[in-house]
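# Structural characterization, general
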Amino acid sequence: MTDFWAGRGILIKHCFFTCVMLVLIFAAPAVRADGTEIESFVLDNHMQVVVIPDHRAPIVTHMVWYRVGAADDPEGQSGLAHFLEHMLFKRTKTLPEGEFSRIVARNGGRHNAFTSADYTGYYQTVAADRLPLMMQLEADRMVNLELDEQDVLSERDVVLEERSMRIDNQPLALLREKMAAALFEEHPYGIPIIGWRRELEKLSLENVREFYRKYYNPANAILIVAGDVTPDQVRALAEKYYAPIPGTPVPERRRPPEPAQEAALRVEHRDERVQQPTWIRSYHAPSYSAGASHHAPALDVLSGLLGSGTTSLLYQKLVVEQKIAVAAGSNYNGTSYDPDTFLLYAIPRPGLAETPEEALKIVEQAVDQVIAEFLADQTDPGMWAEDLKRVKTRLVAEAVYARDSISTMAQIYGQALTTGSTIEDVQNWPQSIRTVTPEDVRAAAGYVLDLRKSVTGLLLPADGAQTGETP
């Protein structure tokens, strides 16, 4: 999830970008709409392998996904999953420091890694004939990572600086951090992926080693190869490089459930760096894998209707008709292992009111009016005839366009499989969107857009110094 409004998002190393083993066995290869077969099989060590053939260019994307993310960090060790992701770019028993990246670069490849609340992934995109080398490198650091105290100290400074840049120096990110902590009081989705600074500063070499031993093994990993390869080629290479690594039992994912929220909450963040006040509201929402998941496709459509693009309901009402906002929208975060969030936001136009507080009050009342009319089915009936069709067509078209990128396809399947969905779920998603009805959308909206299950966040200029993270 790369959109900032999407919430916790994904932390990507460098520049940009469970459970006892789940043995997913698919009875037959899944067939894409274009006729290409996507094949999945499981090695004897329980490592799942997914192959997405695409022979349009002689390149491949090689990804290894681990079913562990920031929400699996041990108590008091927030940020550990992301920290370990950084450490995997150090040395192994067979490669000196930095050699991994140098080898990928010498072979004309690109590589990176990312951490979310639910998974951690590593990837390389290279010429197809370099795939054996990438598998050799990735298999090596799956089991041969070699670290010392100095590695932890130096990389900890890097991560702390990353936190400063991404969170502490971003007032909006600080508000989102506070809102997540308020919305998820028990569940670890309330803890930032990058971790609390006070806990990052205490992470030790033994913390990192224990987490690595616990979660990094083939039984907790999914290998996804997309591009100019055949399933037989990938099977042979996976048997050579990954199958010899023993798969060990992986702890069951046991995250504390979030108690039902019974009253609306409000969070305010004031910051002297804020030039433009911002209003945000997050609701508890089911995901495609957890909670009332039958609402998930309709929630994707609802997000498109309410707040995706300049033709959406919120944008049309607040920006175009009432001219009280410069931006308004929504976002549904449905691809997660546990129930997650549905978000609304609005940014008032400059000069709307005498004070930032009054401006936010005006846009909040306008959003509430739009939601109330929507829930009462008082919106323009024409919307259902035209906008619902438009939103569903756009969502399905985006799924089709995704096939143009082998890395995007690998990303989609990796994200789905590590959060509890299946290959069939991904394949059937366009059809599930096509069959969403107005009644489905109204039911999903009524289920989720309940003020008692929300946290409203206000980003305001400082009336006094305020810095730092949520206590």
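Below is a short write-up of the structure. As the structure is a computational prediction, the values presented were derived from the model and not from experiment. (Residues numbered from 1 in each chain as written. Predicted model: local features only at pLDDT ≥ 70, side-chain atom pairs only at ≥ 80, totals over all residues. Heavy atoms only, no water.)

Next up on the list: the overall build of the protein. Secondary structure assignment for the protein yields 15 helices and 15 strands. Burial status across the protein gives 56% buried among its 471 residues. Of the roughly 19,700 Å² of accessible surface on the protein, 53% is carried by carbon and sulfur atoms. (Helix = DSSP H or I, 4+ residues; strand = E, 2+ residues; numbered from the N terminus. Buried < 20%, exposed > 50% of the residue type's maximum accessible area, 1.4 Å probe, protein only. Areas by Shrake-Rupley, 256 points an atom, 1.4 Å probe, with all protein chains shown as cover.)

Mapped onto the fold, F41 is located in strand β3 (residues 37-42). In the structure, F41 is positioned 194 residues away from R235 in sequence and 8.3 Å away in space, judged by C-alpha atoms.

Before going further, it helps to spend a moment on the environment of A180. Note on placement: A180 falls in helix α5 (residues 171-183). On a C-alpha basis, the gap between A180 and V455 in space is 8.4 Å, while along the polypeptide they are 275 residues apart. Look past the residues within four positions of A180 in its chain and what remains in contact with it is Y189 and G190. (Contact = heavy atoms within 4.5 Å.)

Oppositely charged side chains can pair when the atoms bearing their charge come close. Overall, the coordinates contain 32 salt bridges when judged by the stated rule. Here E162 makes a salt bridge to R166, at a shortest N to O gap of 3.0 Å. Taken together, the residues E162 and R166, both in helix α4 (residues 149-168) and four residues apart, mark about one turn of the helix. A salt bridge links D168 to R163, with the shortest nitrogen-to-oxygen separation between them at 3.0 Å. Accessibility classification places D168 together with R163 in one group, the buried group. (Salt bridge = Lys/Arg side-chain N within 4 Å of Asp/Glu carboxyl O.)

As a further point, take unusual backbone geometry. Despite not being glycine, H46 shows a phi value in the positive range, around 80°. Looking at the secondary structure, you find H46 in the loop between β3 and β4 (48-53). In this structure, K323 takes a positive phi of about 55° despite not being glycine. Considering the arrangement of structural elements, one finds K323 in the loop between α10 (313-321) and β13 (325-333).

Attention now moves to the sheet that holds strand β14 (residues 340-348). Strand order in the open sheet formed by five strands is β11-β15-β12-β14-β13, and the pairing between neighbours is mixed. Strands with a single pairing partner mark the edges of an open sheet, and in this sheet they are β11 (265-271) and β13. Averaged over all pairs of adjacent strands, the angle between strand axes in this sheet comes to 15°, irrespective of strand direction. As defined by bridge partners, strand β12 (residues 278-285) adjoins β14 across seven bridges and the pair is classed as antiparallel. Bridging across to β14, W279 finds its partner in A346. Across the sheet, α5 touches β11, β12, β14 and β15 (454-461), and the angle it forms with β11 is around 155°. The sheet contacts of helix α9 (residues 296-307) involve β12, β13 and β14, and relative to β13 the element is tilted by about 175°. (Pairing = 2+ DSSP bridges. Axes fitted to C-alpha atoms, helices over the stretch in contact; angles between N-to-C directions.)

Before going further, it helps to examine the environment of V326. Structurally, V326 can be placed in strand β13. Among the residues examined, V326 registers a relative accessible area of 44% and is labelled partly exposed. Along the sequence, V326 and A346 sit 20 residues apart, while their C-alpha atoms lie 7.8 Å from each other. Beyond its immediate chain neighbours, meaning those up to four positions away, V326 contacts Y315, V319, I347, P348, R349 and P350.

We now examine the packing of α9 against helix α15 (residues 438-448). Relative to each other, α9 and α15 sit at 90°, their axes nearing to 9 Å. Our classification of the angle between α9 and α15 gives roughly perpendicular. Across from A298, L299, V301, L302 and L305 in α9, the residues of α15 making contact are D440, V441, A444, A445 and V448. Partitioning the contact of α9 with α15 into residue classes produces nine nonpolar, no polar and one charged. (Parallel < 35°, antiparallel > 145°, perpendicular 65-115°, else oblique. Nonpolar A, V, L, I, M, F, W, Y, C, P; charged D, E, K, R; others polar.)

Take the side chain of H86 next. Looking at the element boundaries, H86 is found in helix α1 (residues 80-87). Owing to a relative accessible area of 4%, H86 belongs among the buried residues under this scheme. One polar contact links H86 to E155, side chain to side chain, over a distance of 2.8 Å. (Polar contact = N/O pair within 3.5 Å; in protein donor to acceptor, adjacent residues only side chain to side chain.)

Attention now moves to the pairing of strand β8 (residues 120-127). With seven of its eight residues buried, β8 lies for the most part within the structure. Of the strand pairs in this sheet, strand β5 (residues 59-66) and β8 are connected by eight bridges, and their pairing is antiparallel. Residue pairing in the sheet places Y66 in a bridge with T120 of β8. Of the strand pairs in this sheet, strand β7 (residues 110-115) and β8 are connected by six bridges, and their pairing is antiparallel.

The biggest cluster of nonpolar side chains holds 59 residues, and the ones touching the most others in it are L84, M135, Y216, L223 and Y242. In terms of residue count, the dominant contributor to this core is helix α3 (residues 131-143) (six residues). With residues up to four places along the chain from it excluded, the contact list for Y242 reads L43, N45, M47, H62, V64, M135, E138, A139, M142, P218, L223 and L237. Formed by 45 residues, the second largest nonpolar core is a distinct cluster that contains I324, V363, W429 and L460. (Core = buried A, V, L, I, M, F, W, Y, C linked by side-chain atoms within 4.5 Å.)

Evaluated as defined, the whole model comprises 13 aromatic pairs. Look at F114 and Y123: their rings are 6.2 Å apart centre to centre, the planes differ by 35°, and that puts the pair in the tilted class. With respect to burial, F114 and Y123 carry one shared label: buried. Here the aromatic cluster, defined as three or more aromatic residues joined through ring pairs, consists of Y66, F89, F100, Y122, Y212 and Y216. Sitting above the plane of the F89 ring, R141 keeps its charged end 4.8 Å from the centroid. Between the NZ or CZ atom of R141 and the centre of the ring of F100, over which it lies, the distance is 3.8 Å. (Phe/Tyr/Trp six-rings, centres within 6.5 Å; stacked < 30°, edge-to-face > 60°. Lys NZ or Arg CZ within 6 Å of the ring centre and 35° of its normal.)

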